[in-house]
Structures are given as C-alpha cells and as structure tokens.
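Structural characterization, general
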Amino acid sequence: MERKDVNLSTLLKITERRHHPCAGARVRYDTPQASPARRTAAANISQANMTANRERRIIHLDMDAFYASVEVLDQPALRGRPVIVGGGSERGVVSAASYEARRFGVHSALPIATARRLCPEGVFLPVRMERYREVSARIMEIFRRYTPLVEPLSLDEAFLDVTGSRPLFGPAEEIARTIKELVRTEIGLTVSAGVAGSKLVAKIASDLRKPDGLTLVPPGGEREFLANLPIGKLWGVGQASREALGLMGVRTIGDLGRLPLSLLEGKFGKHGRHLHEAALGIDNREVEPEREMKSVGHEETFAADLTRRQDLERELLALAVRVGRRLRRYGVRGRTVTLKVKYHDFKQVTRSATLTAATDDEGEICREAGELLARTEAGRKPVRLLGISLANLAEAGAARQLDLFAPGHGQAKKEGLHRALDAINDKYGSRSILPAALMEGEEEK
Amino acid sequence: MSMIVNLSREELLAKLASLQNVTGKKGTIAILSNVLIEARNEAVEITGTDLEVGIRNRVQAEVRAEGAITLPSKKLFEIVRESDAAQLSMEVRDNNWVRIKAGSSDYNLAGMPAEEYPSFPEHDEGALVPLPGELLKDLIDKTFFSIAQEGESQFNLTGVLVQGEQKDGGSNVLKMISSDGHRLSLMEREIDSPLAVIREKGVIIPRKGVQEIRKFAEGNEILQVGFEEKQAVIKSGESLMVIRLMNGDFPDYKGILNGIGRERRLSIERAPFLNSMKRMNLFTEDRYNAVTFKIDRERLVLSSQSMDIGNAKDELPAKYDGDPIELGFNGRYFVEVLQVLASTTVQIAINSEESPCLVQAEEDPGFLSVIMPMKL
C-alpha cells in the first residue's frame with residue numbers, strides 16, 4: 001500500500017513538472033557559430049530542405065498583453081481601462097501594458113515615471129510572476145492537447161509543430177483557430193497565432209494582426225508573405241542593421257532578399273548569411289519540446305584564435321551576459337558553473353565550480369568563469385572556443401536562502417534591475433543595453 | 001650517533017592519537033604524513049604538522065642515545081595501538097630504518113630523515129596568558145557549527161573570529177564569532193586578564209585549528225594561550241600547539257547586529273521548539289530545509305513540505321509583540337542554535353520576511369545568533 005502511495009506522488013510530481021512552462025525547456029547548447037566549411041554544408045542542406053520546409057506546419061502562439069490581460073482577468077472591473085504592469089517603484093519599467101494603455105503610447109520597457117506622465121489615468125499594478133506562471137501552465141496544457149511538440153519561449157509564447165497532428169485534428173489553421181477558442185473559453189484570454197512552414201515566418205505572422213489575430217502563410221508562400229514587410233520585422237535586425245541596410249536602399253524584407261549574398265556577407269560577415277536566408281524565409285530550426293532542463297549555456301567559436309587576456313575576458317563577459325539572460329528567460333538559476341575551453345589544437349578542457357547559492361546574475365557568472373579561466377592554459381595557448389554553462393538548476397521562484405552580508409534588499413534591487421534590462425533588450429533587441437566592456441565597436445555597426 | 005629510546009606505550013599512544021587529525025590529511029608533501037621524533041635530555045618530542053596547525057607533544061622517556069627521525073604517523077600509531085607491551089623501544093638504523101621492539105614483536109619501519117621535516121615555528125612565551133579550558137570549550141561549542149565550509153563563501157568565513165573587548169564596567173571579555181554567510185553565532189565570556197594582543201580587529205583561527213583547541217580544552221583545566229601577529233599559541237602541560245592565523249578580514253558583523261531591531265520579539269520555550277523543528281526537518285527538501293514560520297500574538301505554526309515525501313505541521317504556544325507574519329527559515333539553522341543554547345525559553349527578534357532575525361536567551365547571556373530567512 002505504502003509503495004503505491006510513493007509511486008503516486010512521484011507520478012503527480014512528474015505531471016506537475018511537465019506542465020510547468022519553466023521547469024522544463026531544453027537540454028542543449030545553442031548552435032555554435034559554424035565554421036566556414038560547416039556553413040557551406042549547412043547552406044546546401046537548407047537549399048535541399050526547401051521542399052521539405054513546405055511540408056512542415058508550425059504555429060506560433062503569442063498571448064496578447066499577457067501580464068496586463070491576466071490582471072484584467074482577475075479584476076474584471078479593470079476591463080477597458082489602461083492597465084500597466086511593472087516595477088515595484090517609480091524607478092521601475094513597464095513589463096506589460098494593456099492595449100488601452102498602448103493607445104497612450106505606453107509600451108513595455110518604458111520607465112514607469114514616463115508611463116505615468118503619458119497615461120495619468122492608467123491603473124499601475126505590480127508584477128505578480130507566480131500568478132502569470134500559473135495561468136501560463138494552463139495555457140501550455142491546452143497547446144499540448146494538439147501536439148507533443150510544444151516549445152515554450154517564455155510564459156506567454158510558444159511554437160507548436162502540428163505537422164503530424166493534421167490527420168487527427170485537421171489543417172494547421174483549423175488547429176490554430178480551435179486553440180484560440182479554447183484559450184478564450186477556458187482561460188478567458190486572447191492569443192494571436194501565426195501559421196507557417198517555419199518558426200521564423202510563424203513568429204512574424206503571429207505579430208501581424210495583434211490582438212486576437214490569426215495570420216496564415218500558405219505552404220510555399222513565405223517569400224511572398226515577407227516581401228512587403230519592413231526589415232525591422234525580421235529577427236536579428238535591430239536598429240543598427242536597419243540603418244545600415246537603409247543606406248543600401250533596403251526598406252522591405254523583399255529588398256533584402258534581392259541583395260546578393262556576397263554583398264551581405266561582405267558587409268555583415270556571418271550575420272549576412274543569416275539575413276539573406278531569413279529574407280528568403282529559410283529557417284530549418286526544429287520545434288524542440290521541453291524536457292527536464294539539465295543545464296543552460298552558450299558557447300562561441302572565434303573567427304580568429306584568442307590569446308590576449310582582455311579579449312578572453314571580453315568574450316567571457318559576452319557569454320555570461322547571454323547565459324544570464326537565458327537563465328532569467330527560463331526562470332531558473334544555476335548553482336554549478338562550467339567553463340569549456342577549446343584550444344587552437346582542438347584539445348578541450350572544462351573547469352567547474354559550485355556556488356553557495358544558485359544564480360542568474362551575469363556579473364556573478366562572469367566572475368566565477370574568470371576564476372575558472374585562470375585554472376586553464378587559456379592565453380598561454382591560443383583559444384578557439386569558449387563556453388559557459390550553468391547546471392544544478394533550481395526554479396527561480398523556489399525557496400532561496402538569503403545572504404547575511406549582501407542583504408536582501410540588495411538582491412531584490414538586482415532582480416529589479418535585471419527585469420528592467422531584460423524588458424528593454426526584449427523590446428529593442430538584445431544589444432540595446434550591454435556592459436560597457438562590450439560596447440566597443442558597437443557604434444560602427 | 002643514532003637515536004635509541006625506551007617509552008611507555010600508553011603515553012606514546014595518547015600523544016600519537018592527538019596528532020592523527022593533523023597528519024592524516026592527504027597532501028602533496030609526503031613528509032607531512034610523518035611525525036617527527038626527537039630524543040633529547042630525558043624526553044622525546046613528537047611533532048606533527050599540516051603547515052596550518054602544528055602540535056608538539058613531549059613524552060617522558062629513557063633516552064639511551066639522542067637523535068631524531070620521522071616515521072609514518074598512521075602506521076606508527078597503529079603499531080603502538082595493537083601492541084600489548086607496556087614498553088616500546090625505538091632504534092634508528094642505517095638508511096633511516098627504525099627498529100621498533102614491543103614485547104615479543106619486532107618491526108622495521110622505513111622513516112625519512114629529520115632534517116627534511118619543516119621547522120616548528122618559534123613562539124613568544126611571555127605573551128601567554130592562562131585561560132580556563134572550560135571557557136574555551138564553551139566559546140567553541142557555541143560557534144563551531146556556523147563556520148563556513150571550504151569553498152562555500154567568498155568571504156573569509158572558514159574560521160572563527162576571536163576578539164577581546166573591554167566592557168564599559170572595566171571587565172574584559174573574550175568573544176568568538178563565526179558565520180557561513182547565511183547565519184552568524186557569537187559567544188562571549190568574561191575573562192580575568194585582558195588578552196592585550198587581541199586587538200579590536202581580532203584574529204581568525206581556521207576551522208581545523210578551532211577543532212584542535214577544542215580537544216586541548218577538553219582535558220585541561222587551564223590552558224596557556226597567546227595570540228601573535230601571524231599565529232595562535234596554545235600550551236597545556238606537555239603539549240604545545242601553534243596555529244597559523246588566516247589572512248584577511250572578517251565581514252562587519254557589528255554593523256549587522258546594530259541594524260537589527262529588537263522590538264518585535266517572539267518568546268518561546270526552547271525544548272518543545274527544538275523538538276518540533278527536528279520533526280519539521282523530516283519533511284524538507286535536502287538542499288535548503290525550508291520550514292515556514294507562521295507567527296501571531298499567541299502562537300507559532302511551523303510547517304514544511306517535501307515534494308517527494310509529504311508535509312508536516314506543528315503548532316506551539318508563543319508570545320509575539322508584532323503584527324502576524326509568515327516567513328521561511330532553513331530548519332537546520334534553528335536546530336543547531338537551539339541545541340547549544342542553555343535556557344528554558346528563547347527570545348527571537350523577527351522584523352520582516354527578508355531581514356536578519358536575532359536569537360537570544362536571557363538565561364544564556366553571552367550568546368546570540370543571527371539567522372537570515374529564506375525567500376519562499
């Protein structure tokens with residue numbers, strides 16, 4: 001009897017974890033920047049896959065003004081009023097604004113003080129992460145009824161690969177419509193959907209008719225669909241790229257697609273090929289359903305081997321920033337930091353250290369990685385690749401021991417700062433706010 | 001001339017036993033797992049060191065020839081322990097071989113030359129002052145449990161801070177303070193003579209050294225204790241210990257103590273609280289041992305939950321002079337504090353969910369403990 005109980009509770013736990021949008025996510029490193037040889041091979045494969053690409057049906061679902069909508073859901077009296085969620089104080093930034101508030105020019109990442117000026121009658125509410133997580137779990141559960149291939153990007157966004165679901169549930173747009181309806185009736189919120197043959201196009205499509213939109217890009221119609229859209233819609237095109245492309249007469253994604261690859265590669269390097277492929281709607285990334293996440297990390301292969309200490313440190317900081325953001329996006333913290341170093345001769349070493357408490361702070365990650373770097377031959381031997389990953393993960397919301405000598409308010413402050421910076425980077429592109437050490441060369445871009 | 005000595009087995013065994021903790025560490029320097037044996041005048045001195053803690057014990061012996069040698073500490077200890085003779089003899093032969101005779105048994109043990117053993121630090125005999133062993137033991141017992149583990153903290157917390165202070169009334173106190181970054185314990189006791197050498201700033205004794213002082217204090221009524229710039233010296237009877245002090249600063253604990261408000265205090269009986277905490281700890285997740293405290297004017301409700309096992313709840317009568325509050329603590333921290341406190345009731349100042357709380361007992365006046373809550 002007892003044994004049965006234990007099994008049951010284990011089972012319950014697993015089910016709970018599986019449905020928790022943040023507990024899971026992927027066990028993987030980001031694809032390292034490909035070497036020239038691998039790049040050519042990859043390009044060949046993508047050409048070959050263009051036909052296969054047409055077969056895939058991907059839905060991108062994006063909740064409309066999620067945090068603000070949850071607040072309205074919980075307090076129906078707020079319906080129709082400009083609701084602004086964010087910050088704990090006047091010095092915070094907007095995390096989400098309802099569509100009513102957006103009419104006043106309020107958007108995420110705006111300082112709260114500015115938002116108050118723009119929208120004096122706005123209802124300003126604090127961020128209630130726990131609650132959003134709860135609602136998000138229920139929404140993701142609806143998504144999973146139609147395919148096991150659900151890849152949550154954050155609490156309010158997910159990719160679904162419904163290629164194999166069609167025989168059961170009908171065409172992809174039918175599935176998207178049903179899901180939208182279920183989210184409305186079961187949860188009481190609206191979601192915008194984009195249906196296309198790739199993640200890239202599906203995501204652009206879902207953004208097109210917000211709120212409560214549904215945009216369908218028929219198989220093979222990606223290029224045509226993208227052609228008239230401004231290049232800013234393209235993932236990876238921030239303000240800097242937009243200005244540079246503007247000088248070349250590029251306004252729309254179609255313009256970009258007509259530029260020869262060699263020109264883009266000459267101007268943007270490895271980013272150029274990405275732009276070229278994106279403009280043509282080529283994107284073969286799979287929808288990766290979440291599994292229990294073991295580690296979060298990133299690694300980078302350098303165009304030229306690094307030996308100078310300041311170059312190594314700079315790259316380490318860049319990696320730490322990316323890993324920190326990724327941890328925060330997944331809502332987890334890691335306790336074991338691992339540094340991976342591959343030398344010019346392809347020999348590879350790893351060094352790890354375990355911290356007192358789990359972290360998602362890039363400063364701390366960078367400090368720790370720096371100490372680990374000192375325990376390698378990096379510098380004395382030219383370095384080809386650096387990678388940082390954090391394992392021993394715990395949910396950010398889980399119980400956490402506070403420090404005596406770095407008092408609680410310090411931690412709360414740092415968390416608020418991260419929230420604000422992440423909101424700005426989500427809104428304006430990942431290179432909007434960077435540590436000063438990484439700013440070098442930014443102006444020219 | 002090579003060393004030849006006769007020693008009492010019992011006395012030798014006790015002295016070797018006291019060195020095992022110091023010589024037992026696996027290190028890179030091979031000779032540090034040996035003990036140095038030096039025969040001079042009418043005694044043998046046995047020394048062990050790990051370069052952090054050095055202990056030198058004197059054993060009365062019949063010295064037939066003076067000399068010195070080093071022998072593997074653990075093996076020698078085992079030989080002496082297993083022997084059933086009352087007396088042992090040691091004789092150094094060629095190539096550092098040592099012949100040991102104990103009753104009917106005969107051993108040849110490979111040693112290493114004494115010249116290769118690190119020299120024992122000098123100390124200033126004049127700086128030593130007498131301290132009761134019981135006092136040192138009390139100070140250590142009430143602070144040892146919250147010393148940080150190796151690699152656990154960025155601060156210099158893997159030792160105990162020892163400070164002397166002259167109180168307003170003119171009395172002198174000796175304090176020990178330890179912290180692992182999440183909690184802090186402080187114990188102070190009045191002493192007769194000021195330890196002038198311990199300045200306001202104090203000295204930090206590494207964990208291992210504290211452990212060894214505790215052992216010295218156990219069996220000795222009075223210890224001679226001195227603090228020099230780089231080392232602590234403890235002498236008792238025939239034993240001398242020199243501990244290398246830790247470099248660096250201890251964090252500003254006084255600032256933290258001064259910042260804790262004492263108005264909102266929870267009064268509760270110690271033993272029932274301790275037992276209840278032990279029960280709650282049966283149902284915590286191993287990493288953090290989170291126990292929820294729900295406090296109002298008349299009671300403390302404790303609860304804990306483990307995803308794998310289940311949950312537990314307990315209610316205790318208490319008195320709290322603040323508004324009802326709910327917060328989390330690492331249950332183990334409370335168990336360890338309540339275990340060392342000698343009192344029937346304890347007073348705990350609890351101000352907010354995220355500020356340090358202060359545990360004290362009126363009946364155990366020299367002690368206080370600070371515990372940071374957990375964010376639940």
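Calculation notes
Residues numbered from 1 in each chain as written. Chains lettered and ligands numbered in written order. Predicted model: local features only at pLDDT ≥ 70, side-chain atom pairs only at ≥ 80, totals over all residues. Heavy atoms only, no water. Helix = DSSP H or I, 4+ residues; strand = E, 2+ residues; numbered from the N terminus. Buried < 20%, exposed > 50% of the residue type's maximum accessible area, 1.4 Å probe, protein only. Contact = heavy atoms within 4.5 Å. Areas by Shrake-Rupley, 256 points an atom, 1.4 Å probe, with all protein chains shown as cover. Core = buried A, V, L, I, M, F, W, Y, C linked by side-chain atoms within 4.5 Å. Pairing = 2+ DSSP bridges. Axes fitted to C-alpha atoms, helices over the stretch in contact; angles between N-to-C directions. Phe/Tyr/Trp six-rings, centres within 6.5 Å; stacked < 30°, edge-to-face > 60°. Polar contact = N/O pair within 3.5 Å; in protein donor to acceptor, adjacent residues only side chain to side chain. Salt bridge = Lys/Arg side-chain N within 4 Å of Asp/Glu carboxyl O. Left-handed = near helix turned anticlockwise from the far one by under 90°. Nonpolar A, V, L, I, M, F, W, Y, C, P; charged D, E, K, R; others polar.

Examining the overall build of chain B
Of the regular secondary structure elements, chain B holds eight helices and 26 strands. Counting only residues that meet the buried cut, chain B has 53% of its 376 residues in that class. A fraction of 65% describes how many contacts in chain B between residues 6 or more apart in sequence connect residues 24 or more apart. Of the roughly 17500 Å² of accessible surface on chain B, 46% is carried by carbon and sulfur atoms.

Brief notes about the nonpolar core
L76(B), M90(B), F273(B), F293(B), L300(B), F334(B) and I348(B) are the most contacted members of the largest nonpolar core, which has 91 residues in total. For I348(B), the contacting residues outside a window of four places in its chain are R264(B), R265(B), L266(B), I268(B), F273(B), F334(B), C357(B), L358(B) and V359(B). A65(A), I142(A), F143(A) and L160(A) belong to the second-largest nonpolar core, a separate cluster that totals 40 residues.

Looking at the sheet that holds strand β12 (residues 183-191) of chain B
Residues and elements named next belong to chain B. Taken in spatial order, the nine strands of this open sheet run β13-β10-β11-β12-β25-β24-β23-β17-β21, and their pairing is antiparallel. The sheet terminates laterally at β13 (203-206) and β21 (319-320), the two strands that pair on one side only. Judged from the eight bridges that link them, strand β11 (residues 172-179) and β12 form a sheet pairing that is antiparallel. Within β12, the position partnered with S178 by the bridge is S185. Across the face of the sheet, helix α4 (residues 133-141) comes into contact with β11 and β12 while running at roughly 165 degrees to β12. Together, β10 (159-166) and β13 form the strand contacts of helix α5 (residues 207-218), whose direction differs from that of β13 by roughly 80 degrees.

Remarks on the packing of aromatic side chains
Residue and element names in this part refer to chain A. This structure, assessed with the given rule, holds nine aromatic pairs over all chains. Ring geometry for F66 and Y67: centres 6.1 Å apart, planes at 55 degrees, overall tilted. Residues F66 and Y67 agree in their burial class; the two are buried. Ring plane angle 65 degrees and centroid distance 4.8 Å describe the contact between Y146 and F169, whose orientation is recorded as edge-to-face. In this pair, Y146 is assigned in the loop between α6 (129-144) and β6 (150-154) and F169 in helix α7 (residues 166-169), connecting sequence segments 23 residues apart.

A look at the environment of D64(A)
Residue and element names in this part refer to chain A. Within the fold, D64 resides in the loop between β2 (58-63) and α3 (66-74). On the basis of relative accessibility, which here comes to 2%, the residue D64 falls in the buried class. Between the alpha carbons of D64 and K210 there is a distance of 7.1 Å; along the sequence they are 146 residues apart. Apart from residues no more than four positions distant in its own chain, D64 is found in contact with S69, Y99, T190, V191, S192, K210, P211 and D212. At a separation of 2.7 Å, a polar atom in the side chain of D64 contacts the side chain of T190. There is a polar contact of 2.8 Å between the side chain of D64 and the backbone nitrogen of D212.

Some points on the pattern of salt bridges
Taken as a whole, this structure holds 57 salt bridges over all chains when the rule is applied. As a salt-bridge pair, D255(A) and R258(A) come within 2.8 Å of each other at their nearest N and O atoms. Of this pair, D255(A) and R258(A) both sit in helix α12 (residues 253-258), three residues apart, which is roughly one turn of that helix. For the salt bridge of E336(B) with R332(B), the shortest nitrogen-to-oxygen distance reads 3.4 Å. Placement of the pair is E336(B) and R332(B) together in helix α8 (residues 331-340), with a separation of four residues, close to one helical turn. Relative accessible area serves as the criterion here: at 18%, E336(B) is assigned to the buried category. Bridged by salt links that share partners, the residues E38(B), R40(B), E45(B), R56(B), R58(B) and E238(B) form one connected network.

Some details on the pairing of strand β16 (residues 239-244) of chain B
Residue and element names in this part refer to chain B. The buried fraction of β16 is high, at five of six residues. Of the strand pairs in this sheet, strand β4 (residues 53-65) and β16 are connected by five bridges, and their pairing is antiparallel. Within β16, the residue paired with N57 across the bridge is S239. By the bridge criterion, six bridges tie strand β15 (residues 231-236) to β16 in an arrangement that is antiparallel. When the sheet's bridge partners are listed, Q231 is paired in β16 with R244.

Looking at α4(B)
Looking at α4(B), one finds that the buried residues are G133(B), L135(B), L136(B), D138(B), L139(B) and I140(B). In this fold, the buried residues of α4(B) make contact with β9 (129-132), β11, β12, α5 and β14 (222-227) of chain B.

Some thoughts on the sheet that holds strand β3 (residues 83-86) of chain A
Residues and elements named next belong to chain A. Pairing within the open sheet is mixed, and its three strands lie in the order β4-β3-β5. The sheet terminates laterally at β4 (94-97) and β5 (123-125), the two strands that pair on one side only. Across the sheet, the mean angle separating the axes of adjacent strands is 25 degrees when strand polarity is ignored. By the bridge criterion, three bridges tie β3 to β5 in an arrangement that is parallel. From the neighbouring strand, V83 faces β5, where its bridge partner is V123. This element, α3, spans β3, β4 and β5 of the sheet and lies at about 120 degrees to β3.

With respect to α8(B)
All names here are of chain B. Of all the ten residues making up α8, seven are buried; the element is thus mostly covered by neighbouring parts of the structure. Within α8 the residues assigned to the buried category are G331, Y333, F334, V335, E336, V337 and L338. With a side-chain oxygen positioned 3.0 Å from the backbone nitrogen of R332, the residue opening α8 is N330.

What about the environment of E315(B)?
Along the polypeptide, E315(B) turns up in strand β20 (residues 310-317). Engagement of the side chain of E315(B) in a polar contact is seen with the side chain of R299(B), the distance being 3.2 Å.

So, the packing of α6(A) against helix α8 (residues 172-187) of chain A
Residues and elements named next belong to chain A. It is at 10 Å that the axes of α6 and α8 come closest, and there the two elements cross at 140 degrees. The crossing of α6 and α8 is right-handed. Residues V135, R138, I139, I142 and F143 of α6 touch α8, and the partners they reach there are I179, L182, V183, E186 and I187. Its residues assigned to classes, the contact of α6 with α8 comprises eight nonpolar, no polar and two charged.

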